[in-house]
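Each chain, letter by letter, is given below.
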Amino acid sequence: SNEAALTELALTHHGSTDHEERVLALELAGWSGSQACLEASIQSLQDPVPAVRVAAASALGRLRDTSAVQALGNAIGDSFPEVRVEVVRALGVIDDEAVLGFLVAALQDSDAGVRTVASEVLTQWSSPAVAKRLAGVLAVPNLRDAATDLLRKIGPSSQELLIDVLLHGTDEVVPIVGGLLREVVGVARLAGRLGSTE
């Protein structure tokens, strides 16, 4: 609960020669909320020990700072699947439209575990920034196919996200989203919600 103490402990030990100490330091960094700990966590994504890189990604997931998106996106290419899984989880809790591209890329990862987590994250993710970004992507003819494929992969749980996209979309995008809602959710299910008092 003492942010200053957490920050001091994290920064004192994040450069330790003992990798287990570095892991503990990053766990503390994730709870501190300070800019210095954010920077230390970003830097630790380059650590030679995979367990430390996992801890760094986890800390960044707790900090949820948009300035970590690019570093996390670069870590999508880490050679260890455990690191990539934690990176995807961290990206999934940051509300920034730049995250979408990295999460979509993770759907094509060579490791099944990473692909599963990426799919789960995208399915659970209803971010206003993502809805706005998808509305923009659907408006561009040469990007539309990739975006509609993604929304099909997410399946019925993309319903709320698609409705959010309608709010941000142009007249050109509305029929595309309508078609997707019909395809992945079904007219009957949507019509059934019209009677809801909520």
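Keep in mind it's a predicted model, so treat the numbers as computed, not measured.

(A) Up close: the nonpolar core. Of all hydrophobic cores here, the largest spans 50 residues; its most connected members are Leu45, Leu72, Val87, Val88, Leu91 and Leu138. With near-sequence residues (within four places) excluded, leucine 72 lies in contact with Leu45, Ala57, Leu60, Val87, Ala90, Leu91 and Ile94.

(B) Helix H3 (residues 35-43), seen in detail. For H3, the complete set of buried residues consists of Cys37, Leu38, Ala40 and Ser41. Along the axis of H3, the buried residues cluster in a sector spanning 165 degrees; they form a single face. Packing partners of the buried residues in H3 comprise helix H1 (3-13), helix H2 (19-32) and helix H4 (50-63).

(C) Examining the packing of H4 against helix H6 (residues 81-92) more closely. Viewed as axis vectors pointing N to C, H4 and H6 meet at an angle of 5 degrees, and their least axial separation amounts to 8 Å. When the axis of H4 is compared with that of H6, the two are roughly parallel. Residues Pro50, Arg53, Val54, Ala57, Ser58, Leu60 and Gly61 of H4 form the contact with H6, whose own contacting residues are Glu82, Val83, Glu86, Val87 and Ala90. Of the residues contributing to the contact of H4 with H6, the split by class is seven nonpolar, two polar and three charged.

(D) Structural context of the packing of H1 against H2. The interhelical angle for the contact between H1 and H2, taken along N-to-C directions, is 150 degrees, at an axis separation of 8 Å. One finds that H1 runs roughly antiparallel with respect to H2. Crossing of H1 against H2: the hand is left-handed. Of H2, the residues touching H1 (which contributes Glu3, Leu6, Thr7, Leu9, Ala10 and His13) are Glu21, Arg22, Ala25, Leu28, Ala29, Trp31 and Ser32. Of the residues belonging to the contact of H1 with H2, the class tally is seven nonpolar, three polar and three charged.

(E) Structural context of helix H12 (residues 173-184). With 12 residues, H12 extends 16 Å from end C-alpha to end C-alpha; this agrees with the ideal 16 Å at 1.5 Å per step. Listing the buried residues of H12 in full gives Val173, Ile176, Val177, Gly179, Leu180, Leu181 and Val184. Just past H12, the residue glycine 186 takes up positive phi, approximately 105 degrees.

Rules behind the numbers
- Residues numbered from 1 in each chain as written.
- Predicted model: local features only at pLDDT ≥ 70, side-chain atom pairs only at ≥ 80, totals over all residues.
- Heavy atoms only, no water.
- Core = buried A, V, L, I, M, F, W, Y, C linked by side-chain atoms within 4.5 Å.
- Buried < 20%, exposed > 50% of the residue type's maximum accessible area, 1.4 Å probe, protein only.
- Contact = heavy atoms within 4.5 Å.
- Helix = DSSP H or I, 4+ residues; strand = E, 2+ residues; numbered from the N terminus.
- Arc of directions from axis to C-beta.
- Axes fitted to C-alpha atoms, helices over the stretch in contact; angles between N-to-C directions.
- Parallel < 35°, antiparallel > 145°, perpendicular 65-115°, else oblique.
- Nonpolar A, V, L, I, M, F, W, Y, C, P; charged D, E, K, R; others polar.
- Left-handed = near helix turned anticlockwise from the far one by under 90°.
- Expected span 1.5 Å × (residues − 1).

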